[in-house]
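# Remarks on the overall topology
Residue strings, one per chain:
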Amino acid sequence: RVLASKSLSCISKLNPSYCEMRVLPALLEHCFSDDLVVRHGSLLGCAEMVLAFGELDLFRSNDFVRDSVKLSIADLVPSIEKARLYRGRGGEIMRGAACRMIECIA
């Protein structure tokens, strides 16, 4: 999942408009999946895409990334905490993925 998310970052740099319109909203939705593997991979993928968009300076241009997507990204870590997805089975890897998300946002 880590390697796939790093690859997604590279793909995001090649075709950012497709990734912003199709891939990122699907990943944001899957961050709350019941399946731990899907949830973890989606959160890592979102983090790496945010990092790639930041490197391309696409968040500063208001016309590229939609405001609804920006709000979803900003609210992702608190929403995961509110849903208590850091507890129980797989909580440790979800905390690691959330830390990576915070790191990429910063």
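Residues numbered from 1 in each chain as written. Predicted model: local features only at pLDDT ≥ 70, side-chain atom pairs only at ≥ 80, totals over all residues. Heavy atoms only, no water.

This brings us to the nonpolar core. One finds Leu24, Leu43, Cys46, Met49, Leu76 and Met101 to be the most contacted residues of the largest nonpolar core, which totals 30 residues. When contributions to this core are tallied by element, the ones reaching two or more residues are helix 2 (16–30), helix 3 (36–55), helix 4 (67–74), helix 5 (76–82) and helix 6 (91–105). Here the element with the most residues in this core is helix 3; it accounts for eight residues. Apart from the residues lying within four places of it in its own chain, the contact partners of Leu43 are Cys31, Leu76, Ile80, Met94, Ala97, Ala98 and Met101. (Core = buried A, V, L, I, M, F, W, Y, C linked by side-chain atoms within 4.5 Å. Buried < 20%, exposed > 50% of the residue type's maximum accessible area, 1.4 Å probe, protein only. Helix = DSSP H or I, 4+ residues; strand = E, 2+ residues; numbered from the N terminus. Contact = heavy atoms within 4.5 Å.)

The next point concerns the side chain of Glu20. By the element assignment, Glu20 lies in helix 2. Among the residues examined, Glu20 registers a relative accessible area of 2% and is labelled buried. Within polar-contact distance, the side chain of Glu20 engages the side chain of Arg66 at 3.2 Å. Setting aside residues up to four positions removed in sequence, Glu20 forms contacts with Pro25, Phe53, Phe64, Val65, Arg66 and Val69. (Polar contact = N/O pair within 3.5 Å; in protein donor to acceptor, adjacent residues only side chain to side chain.)

This part covers the state of the cysteines. Per the counting criterion, the structure on display carries zero disulfides. Free of any disulfide, Cys10 has its nearest neighbouring cysteine sulfur in Cys19, separated by 11 Å. In this structure Cys10 comes out as partly exposed when scored by relative accessible area, which is 48%. (Disulfide = S-S within 2.5 Å.)

Contact pair helix 2 / helix 4: the axes reach a minimum separation of 11 Å and the direction vectors enclose 30 degrees. Of the possible angle classes, the one that applies to helix 2 and helix 4 is roughly parallel. The interaxial crossing formed by helix 2 with helix 4 has left-handed handedness. Within the contact between the two elements, helix 2 uses Glu20, Leu24 and Leu28 and helix 4 uses Val69, Ser72 and Ile73. When its residues are assigned to classes, the contact of helix 2 with helix 4 shows four nonpolar, one polar and one charged. (Axes fitted to C-alpha atoms, helices over the stretch in contact; angles between N-to-C directions. Parallel < 35°, antiparallel > 145°, perpendicular 65-115°, else oblique. Left-handed = near helix turned anticlockwise from the far one by under 90°. Nonpolar A, V, L, I, M, F, W, Y, C, P; charged D, E, K, R; others polar.)

On to the packing of aromatic side chains. A ring pair, where both rings are aromatic, is described by two values, the distance of the centres and the angle of the planes. Taken as a whole and assessed by the stated rule, the structure comprises two aromatic pairs. A centroid spacing of 6.1 Å and a plane angle of 65 degrees characterise the contact between Phe53 and Phe59, whose relative ring orientation is edge-to-face. The class for Phe53 is buried, based on a relative accessible area of 0%. Ring centres of Phe53 and Phe64 lie 5.9 Å apart, and the angle between their planes is 85 degrees; on these two criteria the pair is classed as edge-to-face. Of the two residues, Phe53 is situated in helix 3 and Phe64 in the loop between helix 3 and helix 4; the sequence distance between them amounts to 11 residues. In this structure an aromatic cluster arises from ring pairing among Phe53, Phe59 and Phe64. (Phe/Tyr/Trp six-rings, centres within 6.5 Å; stacked < 30°, edge-to-face > 60°.)

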